[in-house]
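# Observations on the model geometry
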Amino acid sequence: MEKYALELNGVTKQYKDFKLDSISFTVPQGSIVGLIGENGAGKSTTINAILGLIVTEQGKISVFNGKDVNAKTKEHIGVVFDGSNYPDNLTPEKLGKVFQNIYAEWNNKKYFELLNKFELPINKKLKEFSKGMNMKYSIAVALSHNSKLLILDEATSGLDPIIRDDILEMFLDFIQDEEHSILVSSHITSDLEKIADYIVFIHGGKVLFSKPKDELLENYGIIKCNSTQFNEIDKSDIISYRKLDYEYQVLVSNRRQVEQKYPKTMIVPASIDEIMLMYVKGDK
Amino acid sequence: MKGLLLKDFYTIKSSIISLLITFMVIGFGISFFVVPQVLIIIATTVLGMSVTTIFNFDKKSGWVKTSITFPTKKSSIISCKYLMYSFVSIIGVFFGIGFSTAISLIIKDTNFSFLPTFIYLSVIMTFFSGSILLPCFYLLDEEKSMIGAMVSYPLGAGFVFVMTKLIGSNILSMTISTVLSLILFIVSWYFLSKYVEKNDIQ
């Protein structure tokens, strides 16, 4: 039986103008799951629901094989939000003392090792840190209390490619322990293509799909064709399509079969970005 | 909880020191015109108010959001504010007693008959005003929460006035007022904690 670090089942939250509609997906233990979707799709709301920042109306959220998200299980959940969410008038040294009194399994040695590794000054106030330094600081905190599940909400947005690459390396290091898992929401799908094992795509508050990344990249494709060729395509093969100025683009989920079925059309592999774009902007 | 309190202490430590220095300078000047024991109420109020600034600071820095991810109950973020407010206000009472006594000795006004009354008034104002101030600063935005500050102290003064009119200006009246304001403070703490447990964090 597969073990889950995180499991969402029918999670629903109604706002005046938005609904998180029966969100269900899992984060298998030992894996990295990428949460993708456009702005306002419901990624952050989903993460807020997992962490208890918002109260959901329906559904169940469990961590570490069926346990509730509570004060005890939060001990092993490391969270990184976009930007700095720590008091910026304090230094890492003082915040270390604060966290030591918050987390029962706080590892001060590891905390200072990580600060040293990230070249973060311990006596400088966080307000003097750059965005990249603040993000690294948040990750250092998340990794210093024996976290088994990391939840990252847009943790790499706004960072330069070099820092992003460093951070992705850290995530890959973290996942080497098979008890560790990561849920990461990001706009930067290229980052997820590098590290994620599964992709969960949220659009309009609903999960459109939750699939292994390799399956997506292996099977999904985009047919580029003219209007005559487009009319010949079996509609059941089409997930969505876009009519551009001089061609049709058609998203399919069975690239190899479609290649054989329509040998005269050009089919290219679809990136996660393109799949997302076709789902959101394409016609059905 | 201990960690959250420590963070709040670090946050206001520097402002408390500067507030106390300002208070001593202004308080020394005031003491020539009023009974020095009035300084006990001023010290308590000024220090208590410093805790309310943490609410806006926490909202701006994102700490409220972060603290929900900690292995503590959601209501801990409220409890630590009520505890810190009480703690800092008590420091204010003791500091006020010490400072006003020193001033009394300096200006050779050694009539301490008003001391118990002003200690009572400080405690009543702390708890009565705190029960209004703290929910206002948590629930409202920065500008609107100032309304809470403007309303709570006159209401506290009005409460003392009504109690003295009803029972008389004596120790019994002060004791009953202290107990009632403490009950109001605990009720406010309880309901705000329940509210936070059951509602979304902004």
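Here the structure is a predicted model, which means the values were calculated and not measured.

### Section: the interface of chain B and chain A
If you look at the interface, chain B gives 25 residues, while chain A gives 28 residues. Together, Tyr10(B), Thr69(B) and Pro71(B) form the three largest contributors to the area buried by chain B at its contact with chain A, with a combined 27%. Linking chain B with chain A are one salt bridge. Between Lys13(A) and Asp200(B) there is a salt bridge whose closest N-O contact spans 2.9 Å. Put simply, the parts of the chain that give the side of chain B that touches chain A at least two residues each are α1 (2-30), α2 (38-61), α3 (63-68) and α7 (171-198) of chain B. For the side of chain B that touches chain A, the element with the most residues is α1(B), which contributes eight residues. Residue composition of the side of chain B that touches chain A, by class: nine nonpolar, eight polar and eight charged.

### Topic: the state of the cysteines
The final tally for this structure, using the stated rule, is zero disulfides over all chains. With no disulfide partner, Cys136(B) has as its closest neighbouring cysteine sulfur the one in Cys80(B), 18 Å distant.

### Brief notes about the packing of helix α2 (residues 92-100) of chain A against α1(B)
At a minimum axis distance of 7 Å, the contact between α2(A) and α1(B) shows a crossing angle of 150°. As the angle between them shows, α2(A) and α1(B) are arranged roughly antiparallel. In this structure, the crossing between α2(A) and α1(B) has a hand that is right-handed. Residues Lys94(A), Lys97(A) and Val98(A) of α2(A) form the contact with α1(B), whose own contacting residues are Gly3(B), Leu6(B), Lys7(B), Tyr10(B) and Lys13(B).

### A look at the side chain of Ser193(B)
Residue and element names in this part refer to chain B. Within the fold, Ser193 resides in helix α7. A residue is classified by how much of its surface remains accessible, and Ser193, at 11% relative accessible area, is buried. A distance of 2.8 Å separates a polar side-chain atom of Ser193 from the backbone oxygen of Trp189. Residues contacting Ser193, with those up to four places away along its chain left out, are Ser75, Ile78 and Ser79.

### Points about the domain arrangement of chain A
Residue and element names in this part refer to chain A. In terms of domain boundaries, chain A breaks down into domain 1 (4-215) and domain 2 (220-281). One C-alpha centre belongs to domain 1, the other to domain 2; they are set 34 Å apart. Opposite the 13 residues of domain 1 that make contact, domain 2 presents eight residues. Summed over the shared surface of domain 1 and domain 2, the number is zero salt bridges. Here domain 1 is connected to domain 2 by two residue pairs in polar contact (both at pLDDT 80 or more). Of all elements in the fold, only α6 (189-195), β9 (198-203), β10 (206-212) and α7 (213-219) reach the threshold of two or more residues within the side of domain 1 that touches domain 2. Partitioned by chemical class, the residues of the side of domain 1 that touches domain 2 number five nonpolar, three polar and five charged.

### Details of the UniProt feature "transmembrane region" (unreviewed entry) in chain B
Within this numbering scheme, the UniProt entry marks residues 12-32, 38-57, 82-107, 119-140, 147-168 and 174-192 of chain B as carrying the feature "transmembrane region" (unreviewed entry). Helix makes up 95% of residues 147-168 of chain B and strand 0%, whereas the separation of the span's terminal C-alpha atoms amounts to 31 Å.

### Regarding α1(B)
Of all bends in α1(B), the biggest is about 40°, found at Ile12(B). Taken together, the buried positions of α1(B) are Gly3(B), Leu4(B), Lys7(B), Asp8(B), Tyr10(B), Thr11(B), Ile12(B), Ile16(B), Leu20(B), Phe23(B) and Gly27(B). Elements in contact with the buried residues of α1(B): α2 of chain A together with α2, α3 and α4 (76-106) of chain B.

### What about the side chain of Ser89(B)?
All names here are of chain B. Structurally, the position occupied by Ser89 is in helix α4. Look at Ser89 and you get buried, because its relative accessible area is 1%. Among residues more than four places away in sequence, those in contact with Ser89 are Thr44, Gly48 and Thr126.

### Brief notes about the sheet that holds strand β2 (residues 19-28) of chain A
Residues and elements named next belong to chain A. Read from one edge of the open sheet, four strands run β2-β1-β4-β5, paired in antiparallel fashion. Both outer strands of the open sheet, β2 and β5 (67-68), are each paired with one neighbouring strand and no more. Pairing of strand β4 (residues 58-63) with β5, which is carried by two bridges, proceeds in the antiparallel orientation. Within β5, the position partnered with Ser62 by the bridge is Asp68.

### Describing the sheet that holds strand β3 (residues 32-36) of chain A
Residue and element names in this part refer to chain A. Strand order across the open sheet formed by six strands is β6-β7-β8-β3-β9-β10, with mixed pairing between neighbours. Strand pairing shows two members of the sheet lacking a second neighbour, β6 (77-80) and β10, which therefore form its edges. This sheet shows a mean twist of 15° between the axes of neighbouring strands, independent of strand direction. One ladder, built from five bridges, connects strand β7 (residues 149-153) with strand β8 (residues 181-185); its direction is parallel. Along β8, the bridge assignment pairs Ile151 with Leu183. Across the face of the sheet, helix α4 (residues 131-142) comes into contact with β6 and β7 while running at roughly 175° to β6.

Reading guide: rules and limits
- Residue numbers run consecutively from 1 along every chain, following the written order of its sequence.
- Going through the entries in the order they are written, you letter the chains from A and number the ligands from 1.
- Since the coordinates come from a predicted model, pLDDT governs what is reported: local features require at least 70, and pairs of side-chain atoms require 80 or more to be given and counted, while whole-chain, interface and lining totals use all residues.
- Hydrogens and water molecules were not included; the side-chain quantities draw on all heavy atoms of the structure.
- Any two residues whose heavy atoms approach within 4.5 Å are treated as being in contact.
- By definition, the buried area sums, over both parts, the 1.4 Å-probe accessible area that each loses when the two are put together.
- Think of a salt bridge as a Lys or Arg side-chain nitrogen and an Asp or Glu carboxyl oxygen that are within 4 Å of each other.
- Strands here are runs of E lasting at least two residues and helices are runs of H or I lasting at least four, both read from the DSSP assignment and numbered beginning at the N terminus.
- Ten residue types, Ala, Val, Leu, Ile, Met, Phe, Trp, Tyr, Cys and Pro, are classed as nonpolar, four, Asp, Glu, Lys and Arg, as charged, and the remainder, Gly among them, as polar.
- Disulfides are defined as cysteine sulfur pairs within 2.5 Å.
- Lines fitted to C-alpha atoms define the axes, with helix axes restricted to the stretch in contact, and inter-axis angles between N-to-C directions lie between 0 and 180 degrees.
- These descriptions rest on fixed angle ranges, namely under 35 degrees for roughly parallel, over 145 for roughly antiparallel, 65 to 115 for roughly perpendicular, and the rest for oblique.
- By definition, turning the near helix anticlockwise from the far helix through less than a right angle yields a left-handed crossing, and turning it clockwise yields a right-handed one.
- For every residue, the accessible area obtained with a 1.4 Å probe (protein chains only) is divided by the maximum for its type, and the residue is called buried under 20%, exposed over 50%, and partly exposed between those limits.
- Pairs of N or O atoms are called polar contacts if they sit within 3.5 Å, as long as, within protein, a hydrogen donor faces a hydrogen acceptor (for residues adjacent in sequence, only side-chain-to-side-chain pairs).
- All domain edges in this entry derive from an automatic or database-based domain assignment.
- UniProt positions are given in the numbering used here, feature names are shortened, and annotations may be inferred rather than shown by experiment.
- Here the bend at a residue is taken as the angle between two axes, fitted respectively to the seven residues that end there and the seven that start there.
- Here a strand pair is declared whenever DSSP counts at least two bridges between the two strands.

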